[in-house]
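# Secondary and tertiary structure notes
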Amino acid sequence: MIIGAGPAGLLLGQLLHEAGIENVIVERQSAQYVLGRVRAGVLERTTVGLLERAQVAARLHSEGHVHDGIGLAFDGVLHRLDLRALTGHGVTVYGQTEVTRDLMNARTAAGCVSVYEAAHVSVHDFDGDRPFVRYTHAGQEHELHGDFIAGCDGFHGVSRASVPSAAIRTFERVFPLGWLGVLAHVPPCHPELVYASHERGFALCSQRTPTLSRYYIQVPAGAQLSQWPDTAFWDELRRRLPTDVADAVITGPAAEKSVTPLRSFVAEPMRFGRLLLAGDAAHIVPPTGAKGLNLAASDVCYLAAAVREYCCEGSSAALDAYSSRCLERVWGAVRFSCWLSALLHRFPDTTPFDRRLQSAELDHVVRSRAASTALAESYVGLPLEI
Ligand code: FAD
Ligand code: PHB
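Everything in this summary refers to the structure shown in the same document.

Cut-offs and rules
- Along each chain, residue indices are assigned from 1 in the same order as the chain's sequence is written.
- As a convention, the first chain written is A and the first ligand written is 1, with the rest following in written order.
- Local features in a predicted model are, by the rule used here, given only for residues with pLDDT of at least 70; side-chain atom pairs are given and counted only at 80 or more, and totals for whole chains, interfaces and linings are based on all residues.
- Side-chain numbers come from the whole structure's heavy atoms, not from hydrogens or water.
- We call two strands paired when DSSP finds no fewer than two bridges between them.
- Put simply, DSSP H or I for four residues or longer makes a helix, DSSP E for two residues or longer makes a strand, and each gets a number counted from the N terminus.
- Each pair of aromatic rings taken from Phe, Tyr and Trp, with Trp reduced to its six-membered ring, is defined by centres within 6.5 Å and is described as stacked if the planes are under 30 degrees apart, edge-to-face if over 60, and tilted in the remaining cases.
- Buried means the residue's accessible area, taken with a 1.4 Å probe over protein chains only, is under 20% of the maximum for its type, while exposed means over 50%, and partly exposed covers the values in between.
- Proximity criterion: a residue is near a molecule or strand once any of its heavy atoms comes within 4 Å of it.
- The term polar contact refers here to a pair of N or O atoms within 3.5 Å; inside protein, the definition further demands a hydrogen-donor-capable atom paired with an acceptor-capable atom, and it admits residues adjacent in sequence only when both atoms are side-chain atoms.
- Where accessible areas are quoted, they stem from the Shrake-Rupley method and a 1.4 Å probe; at the residue level, only the protein chains shown are allowed to cover.

### Thoughts on the pairing of strand S6 (residues 77-82)
As paired elements, strand S5 (residues 69-74) and S6 share 6 bridges and run antiparallel to each other. Bridged to Ile-70 within S6 is Leu-81. Hairpin connection, S5 to S6: the antiparallel pair is bridged by 2 residues, and Asp-75 has positive phi, about 50°.

Here it is as structure tokens:
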């Protein structure tokens with residue numbers, strides 16, 4: 001039983017299906033709603049490998065774009081980090097919405113059961129051998145029984161919230177700012193992503209396709225969309241970019257606009273008897289490092305392997321190791337995402353001393369091959385050990 005049809009739940013369902021293990025997904029929203037959420041855009045090679053293993057990578061390979069480098073802009077100058085030269089690897093730019101669409105289509109083709117628009121979802125008896133899930137659909141109450149419950153229901157889901165507080169420990173850092181994101185049907189301003197640190201705040205130029213761009217600017221915590229009409233967004237974005245990059249920005253009406261708070265959150269452990277948390281249900285990283293979706297993918301890789309080992313070989317060893325294996329990767333991603341966030345953003349309490357320190361560190365990152373390699377290694381992601 002899988003709660004949530006985000007990338008974690010859908011990929012887990014597909015990996016289990018490939019292993020011959022029956023599973024049902026219960027999702028609170030409609031499929032259309034899930035597909036309408038614009039989020040991640042950068043996939044590590046391990047995530048691409050998992051999507052290949054799940055037999056859902058054909059469109060990703062034909063329509064996704066491999067990027068061999070990223071831009072780092074500060075003090076008005078654009079520097080390039082050659083990810084491939086530094087690490088031997090690049091990243092793939094392919095939207096989370098498209099990953100989700102591919103997984104949903106594969107699930108339908110495989111005939112696996114998904115229940116969308118399920119209300120009052122609740123999880124029960126996961127501390128015993130017979131866990132079950134209860135929900136209401138089209139006015140009727142239903143119960144699902146199975147071996148395990150996978151809590152893939154995101155940060156605000158019911159799974160983590162159902163764990164007794166004495167059994168869980170949480171760690172959190174809320175940054176006093178957010179990201180305002182705009183998706184627009186315009187060509188990207190630069191061939192690669194550009195992360196920009198500026199006196200006025202952070203900006204990111206990302207992209208989905210040669211005609212679809214995704215841009216972000218740092219905004220104060222609690223900023224409202226009504227404060228940011230399209231023209232104000234484009235003006236502010238340009239102000240924060242080096243002149244030649246700013247001049248190449250083509251503006252257009254926002255097809256989507258949203259504000260995301262910047263936070264880091266980790267729940268430990270990630271397994272409670274027969275309830276296993278995966279993805280944003282267990283942890284959130286600030287989006288700066290582009291790690292959230294990739295962590296969701298590595299969690300479900302470990303989870304699918306553990307369930308397969310239990311069902312096919314009768315061993316609980318991988319289930320017992322699930323939490324610690326995931327958390328090692330999670331804290332690595334938290335470290336990188338928090339470090340990169342601190343390096344690139346302007347905080348309310350940032351002093352002139354701190355600004356000089358950020359500049360010195362950015363200089364070090366682009367001048368020292370060792371420092372560039374350290375950033376690039378974390379950005380492209382470490383290999384998955386299964
Ligand atoms: P979600 O995508 O949140 O899915 C959870 C699902 O569970 C949802 O469909 C929800 O409706 C459902 N649900 C919730 N409650 C219930 C319930 N009670 N019952 C049933 N269903 C329920 N990550 C990257 O790797 N790279 C990036 O470039 C990147 N950029 C990002 C940019 C932004 C602006 C944001 C916001 C995030 C970004 N991320 C990025 C993070 C990434 O989008 C998330 O980590 C990812 O969506 C996690 O997937 P998930 O399946 O765990 O959770
Ligand atoms: C995105 O394209 O949405 C994106 C890219 C890189 C990030 C965060 C978000 O670090």
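### Things to note about the packing of aromatic side chains
Summed over all chains, the structure comprises 11 aromatic pairs. Their ring planes at 85° and their centres at 5.7 Å tell us that Phe-171 and Trp-331 sit as a pair that is edge-to-face. Of this pair, Phe-171 sits in strand S13 (residues 169-184) while Trp-331 sits in helix H11 (residues 317-344); the two residues are 160 residues apart in sequence, bridging distant segments of the chain. Centroid distance Trp-179 to Tyr-216: 4.8 Å. Interplanar angle 50°. Geometry classified as tilted. Taken together, the residues Trp-179 in strand S13 and Tyr-216 in strand S16 (residues 212-220) connect sequence positions 37 residues apart. A relative accessible area of 2% places Trp-179 in the buried class. Residue class for Tyr-216 comes out buried when judged on its relative accessible area of 11%.

### Notes on the site of ligand 1
Taken together, 31 residues lie around ligand 1, and Glu-27, Arg-37, Gln-96, Asp-280 and Leu-293 are the ones closest in. One of the backbone N or O atoms of Ala-8 is found 2.9 Å from an oxygen atom in ligand 1. A distance of 3.2 Å separates an oxygen atom of ligand 1 from a polar atom in the backbone of Gly-41. Against a free-state accessible area of 1,000 Å², the protein chains account for coverage of 92% of ligand 1. Among the elements of the structure, helix H1 (7-18) and helix H10 (292-313) are those that each provide at least two residues to the shell around ligand 1. The dominant element in the shell around ligand 1, judged by the number of residues it contributes, is H10, at 3 residues.

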